[in-house]
Amino acid sequence: MVKFSKQFEGQLVPEWKEAFVDYWQLKKDLKKIHLLNTHNTKPTSNHKPNSLSNTVFTSVKKFLFGIQQREHGTIQVHRKLASSASKGDMYETELLEQFADSDATKEFFACLDLQLNKVNQFYKTKEKEFLDRGECLKKQMEILIELKPALNRQHDKGAASTLDEDDPSVSCTISCVEDSVNSVKDRTEQEKQVQESNSDDSEKDIDEPFPNTPRSDDLGKSIRMKTEDGKLRTLSGRVFSCQGKNIKLNIPLTTPSRTFSAISYLVWEDLVNQSSRKCGPEGSKLHINKAKLHHAEKMIKRAFIELYKGLGYLKTYRHLNMLAFIKILKKFDKVTGKQVLPIYLKVVESSYFNSSDKVIHLADEVEELFIKHFAEEDRKKAMKYLKPHQHKESHAATFFIGLFTGCFFALLAGYAIMAHVTGMYRRQPANTVYMETVYPVLSMFSLLFLHFFLYGCNIFMWRKTRINYSFIFELSPTKELGYRDVFLICTTSMTAVVGVMFIHLSLLTKGYSYSQVQAIPGLMLMAVLLVLVCPFNIFYKSSRYRFISVIRNIILSPLYKVVMLDFFMADQLCSQVPMLRNLEYVACYYITGSYKTQDYGYCMRAKHYRDLAYAVSFLPYYWRAMQCARRWFDEGQTSHLVNLGKYVSAMLAAGAKVAYERERGAGYLCLVVAVSSAATVYQLYWDFVKDWGLLQMNSKNPWLRNELMLQRKIIYYFSMGLNLVLRLAWLQTVLHSNFEHVDYRVTGLFLAALEVIRRGQWNFYRQSSMLENEHLNNAGKFRAVKTVPLPFNEVDEED
């Protein structure tokens, strides 16, 4: 049977861990009581006079004071009424005569009262936040319901993309308040008011139990406040009047089409349509097409899903805390032999977190609204969105992982033996064709699936250390890959790749010419690409298409809003430059038809290919730098510009390395050493100081940050040292070291694999540190669900 402490830790919400009952501290206090009772226990005396006198004294005491003891028991819990509505009632336990002299018992009940008060205050705070969010969503739904029929009527009249001002049901006009002459003065006055209100709020936050929790009053105004920083950020919003209220439609600039439309709108307003800024209070027609309204509907739908998820977390919070109080009180009664559970449990049951039913009513209301407006009155369909089933681990996956792992090692051993016998990997002129044409395909797939295998190891360790990577990466719980799925993909793919290479080498040893079997590696590459873009719902379709969308976002980095999964994947590509170079060569070899003529040197001689090698070498760093620039534009933090400089230095180092490979000379050698050394120092500083939190003098952990997910600090120091060594792998470019008679391409594959391994351990230790920062920031603000921006915001006339 699983212990309750492990069950409690496994089911709690990670971002709210600090707000749950500190069950482990209560167990420690209870252990002190147990040790104290054991130490003070004395052997029972056999003298009859003493035992008789004790019996008589006990009987008299029960007769005289029995009624009073049954009334008060061993403890009495006092309830202090809250001084304000924002604060919850406070509970304090008074120990009676039997426990009055026990300091350990006093500490236990003081901690127990503290936990009960903490749970009540947190529950009340989160309940108010979710209730306010629910009221805001209801208003959003009302606006959407009013706009839909009006748009359909205008579509029937032939004005599909315009809502006419003459429509009596909905009046939509462009607001020119922001473009008025006095807008600058109004904004400065607003900023002063915001600063004053923030200063007042900060004074109020001192007495609040959770000052970092986002205020529910700011939810409806957060988008508008963020869009006042710059003109381009306000272009996604349009202000119109709906039933006498000024409503602003906000469509985030997260895609290139919206970004280009916003830029075109800016150019049109500044250069072409200057006179439109002087429009009267009546306004002009507002264009709201079906696409914008559909996107607004999707935003509201997603907000309902996140709200329902948060309400479910709050129900879990109440249930687990109630179980924790029951379990710890049962343990206390067992250790002390007293009946404290019935007395204290009545207080816990009547406390706010257990007696309030507002969350249950709101969850039922959200279900009804979602079923009515987003599921076509189909409850089963609605529950697929509101309560998605978690991905179940299959024993068949474990079986096939073992099966394909054994097949992979058997085929790899056979391939290695055959390659050693034939001498394919030795530096001999007869093996040049094989090493130039076939080996790049094998090394490309080896690096790719090695990286994927390490990602599966990262998932396993993230789960073991309870890092909520799914929430931070914004992965769907029903579609995300588990570590078993990742291992299955790796073993299956590498078994197929090594099997094809084994067949190819076997045909060569049997006397087939290169021209007859040269198309096999190309066909294998084509098969992998076809599986990747396969439109049928097989082979993890959702994950494959998510991967393609992330790659698209990376390639168009400045135009798409950057989320954590995007720059995480872009960082992986920075370690896969050798794989991209091999892919470039293989594509050139087969697309140009060189495999038919066995002219493997054609691509190396072509000027366009050599110029493309520069682009392939620094494109991953360029994409990552553009992501940093976009994040700086969206968030305004200068740290993103500092990070951008790191990738610019890496771009220069990659370009210098490619130039040195083409033109072997002392000047290029000095350039490679100088640029690569500067880039390495820059990267090591960022790794050690920014990622691992090194050189923090006032930290409780020597030289590291205060909060660490791993208990053993030496692991962090070992990772730093390993990262330092592997960061210096570029020195091989200067030293040209090889392993005896092994071909230099094999040495290059070995060094590229070391870089992939460095990135793999970086993904856990450094990226785990990054996830720790996100996790701890979320835990500090107690954000367990995503805050979805809402499309409609009410704007005051004076704004």
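If you check an unreviewed UniProt entry, the chain appears there as EXS family protein from Tripterygium wilfordii. Its UniProt record gives the chain a comment under Subcellular location (unreviewed entry), which states: "Endomembrane system". Turning to the chain, the UniProt record has this under Sequence similarities (unreviewed entry): "Belongs to the SYG1 (TC 2.A.94) family."

1. Digging into the confidence of the model for the chain
Overall, the prediction assigns the chain a mean pLDDT of 75, with 69% of residues at 70 or greater. Highest mean pLDDT in the chain belongs to helix 11 (residues 358-374) (92); lowest belongs to helix 6 (residues 222-226) (37). Note that pLDDT drops below 50 for residues 159-236; the model gives that stretch 131 contacts with residues more than four away or on any other chain. Here residues 775-780 is a poorly scored stretch, pLDDT under 50, and it has twelve contacts once near neighbours within four places are set aside; other chains count.

2. Thoughts on the state of the cysteines
Under the counting rule described, the total for this entry stands at one disulfide. Disulfide pairing places Cys588 opposite Cys603 at an S-S distance of 2.0 Å. On the S-S bond that ties Cys588 to Cys603, the torsion sits near -100°, and the link is left-handed. Of the two residues, Cys588 is situated in helix 22 (residues 577-591) and Cys603 in helix 24 (residues 602-605); the sequence distance between them amounts to 15 residues. Accessibility expressed as a relative area gives 15% for Cys588, which makes it buried. Cys457 carries a free sulfur, and the closest cysteine sulfur to it, the one in Cys490, is 8.7 Å from it. Owing to a relative accessible area of 27%, Cys457 belongs among the partly exposed residues under this scheme.

3. Topic: the packing of aromatic side chains
Here a ring pair, both rings aromatic, is described through the centre-centre distance and the interplanar angle of the planes. In this structure the tally under the stated criterion is 34 aromatic pairs. Seen in terms of ring centroids, Phe8 and Tyr23 are 6.1 Å apart; in terms of plane orientation they differ by 45°. Their pairing is tilted. Here the residue Phe8 occupies a position in helix 1 (residues 4-11), and Tyr23 occupies one in helix 2 (residues 23-40), the gap between them amounting to 15 residues. Between the aromatic rings of Phe108 and Phe109, the centroid separation amounts to 5.3 Å while the plane-to-plane angle is 85°, which identifies the pairing as edge-to-face. The two residues Phe108 and Phe109 agree in class, both being buried. Through a chain of ring-to-ring contacts, the aromatic side chains of Phe4, Phe8, Trp16, Phe20, Tyr23, Trp24, Phe122, Tyr313 and Tyr317 assemble into a single cluster. Lying across the ring of Tyr352, Lys124 places its NZ or CZ 5.6 Å from the centre.

4. Focus: the environment of Val21
By the element assignment, Val21 lies in the loop between helix 1 and helix 2. Classification of Val21 by relative accessible area gives buried; the value is 1%. Here the alpha-carbon distance between Val21 and Leu112, two residues 91 residues apart in the chain, equals 8.6 Å. In this view, Val21 contacts Phe8, Leu26, Gln115, Val119, Asn321, Ala324 and Phe325; residues no more than four positions away in its chain are not counted.

5. A word on the UniProt feature "transmembrane region" (unreviewed entry) in the chain
Following the UniProt record, one finds the feature "transmembrane region" (unreviewed entry) at residues 396-418, 438-462, 483-507, 519-540, 666-685 and 714-735. Across residues 483-507, helical content stands at 100% and strand content at 0%; the span's end C-alpha atoms are separated by 36 Å. Across residues 519-540 one finds 64% helix and 0% strand; the C-alpha atoms that close the span lie 28 Å apart.

6. Things to note about the nonpolar core
The biggest cluster of nonpolar side chains holds 75 residues, and the ones touching the most others in it are Trp16, Phe108, Phe109, Leu112, Tyr317, Tyr344 and Phe792. Looking at which element gives the most residues to this core, the answer is helix 8 (residues 290-336), with 18 residues. Looking at this core, you find at least three residues from each of domain 1 (4-37 + 73-134 + 298-386) and domain 3 (691-798). Residues contacting Leu112, with those up to four places away along its chain left out, are Leu26, Phe325, Ile328, Leu329 and Tyr344. Membership of the second largest hydrophobic core comes to 38 residues, among which are Met501, Leu508, Tyr589 and Val756.

7. Focus on the environment of Phe445
Relative to the assigned elements, Phe445 resides in helix 15 (residues 439-464). For the pair formed by Phe445 and Val497, sequence separation is 52 residues and the distance between their alpha carbons is 7.6 Å. Every residue in contact with Phe445, bar those within four places of it in the chain, is listed here: Met494, Val497, Met524, Leu525 and Val528.

8. A short note on unusual backbone geometry
One non-glycine residue, Glu377, lies in the positive phi region at around 60°. Among the secondary structure elements, Glu377 is positioned in the loop between helix 11 and helix 12 (379-386). According to the relative accessible area criterion, Glu377 is exposed, its value standing at 57%. Of note in the backbone geometry, Phe539 takes a positive phi value of approximately 55° without being a glycine. Mapped onto the elements of the fold, Phe539 is located in the loop between helix 19 (519-532) and helix 20 (541-555).

9. Description of helix 19
Compared with the 20 Å implied by 1.5 Å per residue over 14 residues, the 20 Å span of helix 19 between its first and last C-alpha is a close match. Among all positions of helix 19, only Pro521, Gly522, Met524 and Leu525 are buried. The arc enclosing the buried residues of helix 19, seen along the axis, measures out at 160°, which places them on a common side. Summarising the geometry of helix 19, the exposed residues directed more than 90 degrees from the buried face are Leu523 and Leu530. Taken together, the buried residues of helix 19 touch helix 15, helix 17 (483-509), helix 18 (514-517) and helix 22.

10. Details of the packing of helix 21 (residues 564-574) against helix 25 (residues 607-635)
Viewed as axis vectors pointing N to C, helix 21 and helix 25 meet at an angle of 155°, and their least axial separation amounts to 8 Å. One way to sum up the angle between helix 21 and helix 25 is to call them roughly antiparallel. The element helix 21 and its partner helix 25 pack so that their crossing is left-handed. Facing helix 21, whose interface residues are Asp566, Phe567, Ala570, Asp571, Leu573 and Cys574, helix 25 presents Pro620, Tyr621, Trp623, Arg624, Gln627 and Arg631.

11. Thoughts on the pattern of salt bridges
Counted according to the given criterion, the structure contains twelve salt bridges. In this structure, the salt-bridge partner of Arg133 is Glu129, at a minimum N-O distance of 2.8 Å. Of this pair, Arg133 and Glu129 both sit in helix 4 (residues 103-156), four residues apart, which is roughly one turn of that helix. Pair check on accessibility: Arg133 and Glu129 agree, each one buried. A salt bridge links Asp634 to Arg630; the nearest nitrogen and oxygen atoms lie 2.9 Å apart. Of this pair, Asp634 and Arg630 both sit in helix 25, separated by four residues, roughly a single helical turn. The class of Asp634 is partly exposed, set by a relative accessible area of 30%. Overlapping salt bridges bring together Lys126, Glu129 and Arg133 as one network.

12. Describing a positive patch on the surface
Positive charge collects at one region of the surface, where Lys3, Lys6, Lys27, Lys327, Lys330, Lys331 and Lys334 lie side by side. For Lys327, the position within the fold is in helix 8.

13. Let's talk about the environment of Ile33
Structurally, Ile33 can be placed in helix 2. With 70 residues separating them along the chain, Ile33 and Asp103 place their C-alpha atoms 9.0 Å apart.

14. What about helix 20?
For helix 20, which comprises 15 residues, the first-to-last C-alpha distance of 21 Å matches the rise-based estimate of 21 Å (1.5 Å per residue) to within 8%. In this structure, the buried side of helix 20 is in contact with helix 19, helix 21 and helix 25.

Conventions we followed
Residues numbered from 1 in each chain as written. Predicted model: local features only at pLDDT ≥ 70, side-chain atom pairs only at ≥ 80, totals over all residues. Heavy atoms only, no water. UniProt positions renumbered as here; feature names shortened; annotations may be inferred. pLDDT = per-residue confidence, 0-100. Helix = DSSP H or I, 4+ residues; strand = E, 2+ residues; numbered from the N terminus. Contact = heavy atoms within 4.5 Å. Disulfide = S-S within 2.5 Å. Buried < 20%, exposed > 50% of the residue type's maximum accessible area, 1.4 Å probe, protein only. Phe/Tyr/Trp six-rings, centres within 6.5 Å; stacked < 30°, edge-to-face > 60°. Lys NZ or Arg CZ within 6 Å of the ring centre and 35° of its normal. Core = buried A, V, L, I, M, F, W, Y, C linked by side-chain atoms within 4.5 Å. Domains from an automatic or database assignment. Expected span 1.5 Å × (residues − 1). Arc of directions from axis to C-beta. Axes fitted to C-alpha atoms, helices over the stretch in contact; angles between N-to-C directions. Parallel < 35°, antiparallel > 145°, perpendicular 65-115°, else oblique. Left-handed = near helix turned anticlockwise from the far one by under 90°. Salt bridge = Lys/Arg side-chain N within 4 Å of Asp/Glu carboxyl O. Patch = residues over 30% accessible without salt bridge, like charges linked within 9 Å, V, L, I, M, F, W, Y side chains within 5 Å. Areas by Shrake-Rupley, 256 points an atom, 1.4 Å probe, with all protein chains shown as cover. Lys, Arg positive; Asp, Glu negative; His and termini not counted. Charge placed at Lys NZ, Arg CZ, Asp CG, Glu CD.

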